[in-house]
Amino acid sequence: MNTSPSVQEISVVEITKAILVDLQKLSSYSGEPIAAVYADNLIRTMRTMRDKCTTDPYTEVVMALYDALAYSNRWIDCNASQYQGAYDLLASLVNQVSITNLEVEDSIFTLENLGFNTLPFGIKVEHNQDSDEDEK
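Residues numbered from 1 in each chain as written. Predicted model: local features only at pLDDT ≥ 70, side-chain atom pairs only at ≥ 80, totals over all residues. Heavy atoms only, no water.

**Notes on the pattern of salt bridges**
Next, step 1: Counted under the stated rule, the structure contains three salt bridges.
Next, step 2: Across the pair Glu14 and Lys17 runs a salt bridge, and its minimum N-O distance is 3.8 Å. In this pair, Glu14 and Lys17 both sit in helix α1 (residues 5-29), three residues apart, roughly one turn of the helix.
Next, step 3: A salt bridge links Asp40 to Arg44, with the shortest nitrogen-to-oxygen separation between them at 2.9 Å. Here Asp40 and its partner Arg44 are both found in helix α2 (residues 35-52), four residues apart, which amounts to about one turn of the helix.
Next, step 4: Assessed through its relative accessible area of 39%, Asp40 is described here as partly exposed. (Salt bridge = Lys/Arg side-chain N within 4 Å of Asp/Glu carboxyl O. Helix = DSSP H or I, 4+ residues; strand = E, 2+ residues; numbered from the N terminus. Buried < 20%, exposed > 50% of the residue type's maximum accessible area, 1.4 Å probe, protein only.)

Laid out in structure tokens, this is it:
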């Protein structure tokens, strides 16, 4: 099987098209029972992207959204404008030949600004003890 970059690009584009369809449906049906069908499909498709396109920087953005939606079923708490914002963001990225690390970071910040918690796992940041002692 040929795994050249062009084959991977097609995979990213094709997978993203499926993701975009589900985000559009979630935007239309958020808060309704049918949204669960689209959320399930979206989460499965995102896992497929993670498994098939691990080296693509675009996958990092998709996985940040995945973390925000899949962790504790938080997709339930998202609203139509958040889904539409995620749709707009991913749609703007998918047609680029490649994205830089800065664009990945900016995209993740955009997801955060839309209200998605892309780090839902409760990572604790410890204060530097030197700065604590300076405050005393």
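Once you've had a look at it, read on.
**Overview of the packing of aromatic side chains**
The geometry of an aromatic ring pair comes down to the distance between the two centres and the angle between the two planes.
Next, step 1: One pass over the structure, following the stated rule, counts one aromatic pair.
Next, step 2: A centroid spacing of 5.9 Å and a plane angle of 15° characterise the contact between Tyr29 and Tyr38, whose relative ring orientation is stacked. (Phe/Tyr/Trp six-rings, centres within 6.5 Å; stacked < 30°, edge-to-face > 60°.)

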